[in-house]
Amino acid sequence: MTDITPNDARKASNNATTEAVKRSLARRNRKQLVLQGFGIGAIVIAFTVLFILVASLVRTGYTAFVQTHVTLDVYIDPAEISEEGLPRGGFRDVLTAAVLDNLPGADPEEDARGVRNILSNGAQFQLRDQIVEDPSLIGQTITLTVPLSDPFDQLNKGGVRRDTPEDQRRVDNQEMAWFDALDEAGIISTPFNIGLFTNADSRFPELAGLKGALVGSFWALLTCFLIAFPIGIGAAIYLEEFAPKNRLSDFIEVNINNLAAVPSVVFGLLALAVFIGWFGLPRSAPFVGGLTLALMTMPTIIIATRAALKAVPPSIREAALGVGASKHQVVFQHVLPLAMPGILTGTIIGLAQALGETAPLLLIGMNAFITSAPTSPFDAATALPTQIFIWADSPERGFTSRTSAAILVLLGFLVMMNGIAIYLRNKFERRW
Amino acid sequence: MSHLKLSTAVIAVAAVSATAAFAQGREEIRRVGSSTVFPYTQAVAERFANNTGFPSPIVESTGTGGGMQIFCGGIGEDFADITGASRSMKASEYAMCVENGVTDITEARIGSDGLSIAISRDNDFAWNVTLAEVYLALGAMVPVDGEWAENPYTTWDEINPDFPATEIEVLGPPPTSGTRDAFVELAMVEGCMELDYVEQNHDGDWAEENCARMRTDGPFIEAGENDNLIVQRLQANSDAMGIFGYSFLYENQDTLKAVDIAGVAPSPDTIADGSYPISRPLFFYIKNAHRGVIPGLNEFLEEYMSEDALAPGGYLEARGLVPLGDAARDQLRELVANSVTMDPIE
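Position numbers for residues count from 1 along each chain, tracking the sequence in the order it is written. Chains carry letters from A onward and ligands carry numbers from 1 onward, assigned in written order. Owing to the predicted nature of the model, reporting of local features is limited to residues with pLDDT of at least 70; listing and counting of side-chain atom pairs is limited to 80 or more, with chain, interface and lining totals taken over all residues. Only hydrogens and water are set aside; all other atoms, that is, all heavy atoms of the structure, feed into the side-chain values.

Trainee: For this particular structure, what's the right way to read a negative patch on the surface?
Mentor: All names here are of chain B. Residues qualify for a patch when their relative accessible area is over 30% and they have no salt bridge, like charges being joined within 9 Å and the nonpolar side chains of Val, Leu, Ile, Met, Phe, Trp and Tyr within 5 Å. In short, Shrake-Rupley with a 1.4 Å probe defines the accessible areas, and a residue's cover is counted only from the protein chains shown. Here, a salt bridge means any side-chain nitrogen of Lys or Arg that lies within 4 Å of a carboxyl oxygen of Asp or Glu. Note that His is not counted, nor are the chain ends; the positive residues are Lys and Arg, and the negative ones are Asp and Glu. By convention, the point assigned to a charge is CZ for Arg, NZ for Lys, CD for Glu and CG for Asp. Taken together, the side chains of Asp-181, Glu-185, Glu-190, Glu-194, Asp-196, Glu-199, Asp-203, Asp-205, Glu-208 and Glu-209 present a region of like negative charge at the surface. Put simply, the parts of the chain that give the negative patch at least two residues each are helix H6 (178-194), helix H7 (196-201) and helix H8 (204-210). With 4 residues, H6 is the largest single contributor of residues to the negative patch. Along the polypeptide, Asp-203 turns up in the loop between H7 and H8. Numbering of helices and strands runs from the N terminus, with a helix taken as a DSSP run of H or I at least four residues long and a strand as a DSSP run of E at least two residues long.

Trainee: Mind showing me how you'd approach the packing of helix H8 (residues 211-242) of chain A against helix H11 (residues 286-310) of chain A here?
Mentor: Each pair of packed helices can be described by the angle between their axes along with the distance between the axes. All names here are of chain A. The geometry of H8 relative to H11 is characterised by a closest axis approach of 6 Å and an angle of 35° between their N-to-C directions. Two packed elements cross with a definite hand, and for H8 against H11 that hand is right-handed. Residue classes in the contact of H8 with H11 are distributed as 21 nonpolar, 7 polar and 4 charged. Fitted lines through C-alpha atoms give the axes, limited to the stretch in contact for helices. The angle between two N-to-C directions lies from 0 to 180 degrees. Left-handed describes a crossing whose near helix is turned anticlockwise from the far helix through less than a right angle; right-handed describes the clockwise counterpart. Residues are grouped as follows: nonpolar covers Ala, Val, Leu, Ile, Met, Phe, Trp, Tyr, Cys and Pro; charged covers Asp, Glu, Lys and Arg; every other residue, Gly included, is treated as polar.

Trainee: Even after reading the chapter, I still don't get the pairing of strand E1 (residues 30-33) of chain B, so can you show me in this structure?
Mentor: In summary, the side chains of a regular strand alternate between the two faces of the sheet. Residues and elements named next belong to chain B. Here the term buried applies to any residue with accessible area under 20% of the maximum for its type, exposed to any over 50%, and partly exposed to those in between, with areas from a 1.4 Å probe on protein chains only. Of the two faces of E1, the one holding Arg-30 and Val-32 and the one holding Arg-31 and Gly-33 are both buried throughout. Taken together, the 2 bridges between E1 and strand E2 (residues 58-59) define a ladder with parallel strand orientation. Its bridge partner being in E2, Arg-30 is matched across the sheet by Ile-58. The crossover handedness rule: strands pointing away from the viewer, path from first strand over the helix to second strand clockwise, crossover right-handed. Between the parallel pair E1 and E2, the chain is carried across by helix H2 (residues 38-52), and the sense of this crossover is right-handed. Think of it this way: DSSP has to see at least two bridges between two strands before they count as a pair.

Trainee: Would you take a moment to explain the environment of A:Val160 for this structure?
Mentor: Residue and element names in this part refer to chain A. With respect to the element layout, Val-160 can be found in the loop between helix H5 (150-157) and helix H6 (173-184). For Val-160, a relative accessible area of 7% corresponds to the buried category. Separated by 205 residues in the primary sequence, Val-160 and Gly-365 have C-alpha atoms spaced 34 Å apart.

Trainee: Help me understand the pattern of salt bridges in this model?
Mentor: Close approach of charged atoms allows side chains of opposite charge to pair. In this structure the tally under the stated criterion is 22 salt bridges over all chains. Here A:Arg306 ties to A:Glu240 by a salt bridge, and the two come within 2.9 Å at their closest N and O atoms. Within this pair, whereas A:Arg306 is found in helix H11, its partner A:Glu240 is found in helix H8, the two being separated by 66 residues in sequence. A residue is classified by how much of its surface remains accessible, and A:Arg306, at 10% relative accessible area, is buried. One salt bridge connects B:Arg47 with B:Asp308, and the closest N-O pair in it is separated by 2.9 Å. On the criterion of sequence distance, the pair formed by B:Arg47 in helix H2 and B:Asp308 in helix H13 (residues 307-310) is long-range, its members being 261 residues apart. By relative accessible area, B:Arg47 is classed as partly exposed at 23%. We classify B:Asp308 as partly exposed; its relative accessible area is 44%. Taken together, the salt bridges that share partners define one network made up of B:Glu307, B:Asp326, B:Arg329, B:Asp330 and B:Arg333.

Trainee: Just checking my understanding: could you explain the packing of helix H2 (residues 91-101) of chain A against helix H4 (residues 123-133) of chain A for this structure?
Mentor: All names here are of chain A. Here H2 crosses H4 at 110°, and the two axes come no closer than 9 Å. Relative to H4, H2 is oriented roughly perpendicular. Together, Phe-91, Arg-92, Val-94 and Leu-95 of H2 and Ala-123, Gln-124, Leu-127, Arg-128 and Ile-131 of H4 make up the contact between the two elements. Of the residues assigned to the contact of H2 with H4, the class counts are 6 nonpolar, 1 polar and 2 charged. An angle below 35 degrees is treated as roughly parallel, one above 145 as roughly antiparallel, one from 65 to 115 as roughly perpendicular, and anything else as oblique. The contact rule is simple, with two residues in contact once any of their heavy atoms fall within 4.5 Å.

Trainee: Is there a simple way to think about helix H4 (residues 91-99) of chain B in this case?
Mentor: The periodicity of an α-helix, 3.6 residues per turn, causes residues three or four positions apart to be oriented the same way. Residues and elements named next belong to chain B. Turning to H4, its buried residues number three or more, namely Glu-93, Tyr-94 and Cys-97. Along H4, the residues classed as buried sweep out an arc of 100° about the axis, all on the same side. Turned more than 90 degrees off the buried face of H4, the exposed positions are Ser-92 and Glu-99. Here the buried face of H4 lies against helix H3 (64-71) and strand E4 (105-120). One or two steps after H4, the chain reaches Gly-101, where phi turns positive at roughly 85°. The directions from the helix axis to the C-beta atoms form the arc being described.

Trainee: Honestly, the domain arrangement of chain B in this entry has me stumped. Any pointers?
Mentor: Interface extent is often summarised as the accessible area lost during association of the parts. All names here are of chain B. For each domain, the first and last residues come from an automatic or database assignment. By the assigned domains, chain B splits into domain 1 (26-113 + 280-337) and domain 2 (114-279). Placing a centre on the C-alpha atoms of domain 1 and another on those of domain 2 gives a separation of 30 Å. In this complex, domain 1 contributes 10 residues to the contact, which on the side of domain 2 involves 14 residues. Buried area between domain 1 and domain 2, both sides added, is near 800 Å², and the carbon and sulfur share of it is 55%. Note on terms: buried area is the combined drop in 1.4 Å-probe accessible area of two parts once they are placed together, counting the loss on both. Of all residues in domain 1, the largest losses of buried area upon contact with domain 2 belong to Asp-113, Arg-280 and Val-322, amounting jointly to 62% of the total for that side. Put simply, domain 1 and domain 2 have 0 salt bridges between them. Whenever two N or O atoms come within 3.5 Å, that pair is a polar contact, provided that in protein one can donate a hydrogen and the other can accept it, and provided that, for residues adjacent in sequence, both atoms are side-chain atoms. Our count for the domain 1 to domain 2 interface comes out at 0 residue pairs in polar contact (both at pLDDT 80 or more).

Trainee: Whenever I open this one, the packing of aromatic side chains confuses me. Can you help?
Mentor: To describe a pair of aromatic rings, one takes the distance between the centres and the angle between the planes. Aromatic contacts are taken between Phe, Tyr and Trp rings whose centres are within 6.5 Å, Trp giving its six-membered ring; a plane angle under 30 degrees counts as stacked, one over 60 as edge-to-face, and the others as tilted. Tallied over the entire structure, the rule returns 22 aromatic pairs over all chains. Ring plane angle 10° and centroid distance 5.8 Å describe the contact between B:Trp148 and B:Tyr197, whose orientation is recorded as stacked. Within this pair, whereas B:Trp148 is found in strand E7 (residues 147-150), its partner B:Tyr197 is found in helix H7, the two being separated by 49 residues in sequence. A residue is classified by how much of its surface remains accessible, and B:Tyr197, at 17% relative accessible area, is buried. Lysine and arginine charges are scored as sitting over a ring when NZ or CZ, respectively, is within 6 Å of the ring centre and within 35 degrees of the ring normal. If you follow A:Lys327 out to its NZ or CZ, it ends over the ring of A:Phe242, 5.9 Å from the centre. A cation over an aromatic ring shows up here: B:Lys287 above the ring of B:Phe71, its NZ or CZ 4.8 Å from the ring centre.

Trainee: Looking at this structure, how should I read the interface of chain A and chain B?
Mentor: Taken residue by residue, the interface counts 40 residues in chain A and 44 residues in chain B. Approximately 3,800 Å² of surface area, both sides summed, lies buried where chain A meets chain B, with 52% of it carried by carbon and sulfur atoms. The tally of links between chain A and chain B comes to 3 salt bridges. We note a salt bridge from B:Arg319 to A:Glu396, for which the minimum N-O separation is 2.7 Å.

Trainee: What is the right way to read the nonpolar core from this model?
Mentor: Side chains of a nonpolar character, in soluble globular proteins, are inclined to be buried together. Each nonpolar core is a collection of buried residues, namely Ala, Val, Leu, Ile, Met, Phe, Trp, Tyr and Cys, held together in the definition by side-chain atoms within 4.5 Å. Residues A:Leu210, A:Val288, A:Ile343, A:Ile364, A:Trp391 and A:Met417 are the most contacted members of the largest nonpolar core, which totals 64 residues. Every element with two or more residues in this core is listed here: H8, helix H10 (264-278), H11, helix H13 (327-355), helix H15 (384-392) and helix H16 (397-428) of chain A. The element contributing the most residues to this core is H13(A), with 12 residues. Contacts of A:Trp391, omitting those with residues within four sequence positions, involve A:Leu196, A:Asp201, A:Ala208, A:Gly209, A:Leu210, A:Phe399, A:Arg402, A:Thr403, A:Ala406 and B:Asn228. Residues B:Met214, B:Ala223, B:Ala240 and B:Ile278 belong to the second largest nonpolar core, which totals 56 residues.

Trainee: How should the side chain of A:Asn193 be read in this particular structure?
Mentor: Structurally, A:Asn193 can be placed in the loop between strand E3 (188-189) and helix H7 (195-198). Apart from the residues lying within four places of it in its own chain, the contact partners of A:Asn193 are A:Ala64, A:Phe65, A:Val66, A:Gln67 and A:Arg402.

Trainee: I would appreciate a short explanation of the state of the cysteines in the present structure.
Mentor: Cysteine pairs can be covalently joined through their sulfur atoms, and such a bond is termed a disulfide. Residues and elements named next belong to chain B. Any pair of cysteine sulfurs within 2.5 Å is marked as a disulfide. What the rule picks out here adds up to 2 disulfides over all chains. Disulfide pairing is shown between Cys-72 and Cys-97; the S-S distance is 2.0 Å. Here the S-S torsion is close to -70°, and the disulfide linking Cys-72 with Cys-97 is therefore left-handed. Linking Cys-72 in the loop between H3 and strand E3 (82-85) with Cys-97 in helix H4, this pair joins segments that are 25 residues apart in sequence. For the pair Cys-72 and Cys-97, one class covers both residues: buried. Disulfide partner of Cys-192: Cys-211, at an S-S distance of 1.9 Å. One end of the pair, Cys-192, is in helix H6; the other, Cys-211, is in the loop between H8 and strand E9 (220-222), and 19 residues separate them in sequence. You'll find Cys-192 and Cys-211 in the same group, each marked buried.

Here it is, written out as structure tokens:
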């Protein structure tokens, strides 16, 4: 019986297959392992780079979140400040006298000029505003906490190193001794730097804050949202639900996708020519910034909205049509509410992108130096990224750490906005 | 549906209020122009706003050329009142101004500014170079054995045997920067004219035409407009030199030192008296048609012209401006107070 039965043949071929599989198994496992290795490697590299970025920002930026202050008992000398003379008066001299009270070694005549520079230039205006508000303070002694000027702030934070030779140091030995005397008197404090969020820009690092930029960014994003959101959704609904599928709608779709990839600086140039040059809108205004950002955000919103509308199952539309709803009712009462979480997510991500956008804002002049925050979208202002741009270009030491701090604030807002997008998606997402 | 209606309504309201807003007229002073003059105007603007209670001026840094474009665009609220310049106005720019009806301009020279070449304090050599040596290190074309040829030098000791044998590595601003223009004009072209070869064979016009190009084969590195970045790179690499405004050297003197030019170190004194060769005058231009129309403009100029600002020991000097002499300051004050129209530039 040498005949091979069909059964045996199957067995043999099965064996051969098993052998072949076994032989290739090691190779395939190895390939899988390599793929996994590359994947983990890629993630590790991505996280390392992110970590280095954030760590270096935190390292240079954390000092800007605190600010060196001195608490003084200030005698409001009627000889220097009179009620009739307000808002002018010898505020600076009054403050200098208060500092000199704490420096027994300093000569009130000779050292006045040097001692004056310990305090920030903003201290006198802080005192002035307080007295203008309540002139009855004249003649009294009030306790006032004011910021120190940048070199002394840096000395306190370690930005100016004590071991550098005197002629290479921004703070000389005498000034350092004064600072130490104040420190020993226990009146130097380093509280959280509220001014970073409540002050507008200043040329003095110790006074410079992000208020103007935050308000400017807020107005710009609001304008951007109010324009891009309705128009973007309207365009998407028409294209997705009502437009006939023909060459024209294909052409429009290709163009919208291309528009989403146009470099932002091009939108800036467009805005400069059209909004400012042609419409005569004011330069540097957040409203114009918002219009520009809206042009950039619109394609993103259209694409996200169309994807969200597409994800709503056809059965919903068919069921609604089946019970006699009109096309209009189907879209606005059934499809759009279901697509809303996706649309909102896309919008928030689009707005987060707009928040970090710099190039178009530079072109429309939103990088101006303004020492007050805007009160309307038509007042000149900066935005967060352009404020970072201005500070990065300033020579004073204090601005180096403030630049990093401003970047951290911007990153904070971006993380927050993306967090909201993720939350909305998780909360309202429906699976079919 | 209702939110769509709402948004449309909001846009309509916004558009209407926008039109209303421009109709109201501008309340703030607008200043554009040079990034070099920017910190000084910035200081004056902040003090002016704090002291007078007028709205904060809008101080924008657009570069000298960009500033002239906006300034000379015309008369009216849409156009800037003042432009800063790190060089005097060019004939073409004046022509543009005249074409747009801006004829009554006052030119104010407020002081000078020094450009410094700096190196890390970790570098031990006491650097002292002549402008000719600067040119030989950075020019695109240099004389080699009596021929005008591509720059062959890669280390400093090839230029002067007294220098260390380190690679030439100089970080500087890009061509779009006013600092670069000034450096080319004041250091490169001047240095080129000091060379024996150029002196014997050519004249100043030739030098201006042929010596303005920086080399692009590596030793000169365009480090972007951000001077702080250059400072950081110098701190990291002790053999590299950097070119930037004197105020950046002043703020970073604990880590950087100056490279002396022909034996002179940059300081407010040497820049003011001109013995430090790489210094330039700074200007701003005032549109006189706007005076008395834009609220606060005259008061702003008064603050700018005050002794507190301009005099030696004033707050602009503390920012790095090299002040004018007493007589020149009085003359300037006179000029600005009486809105003296500048002579046409041909």
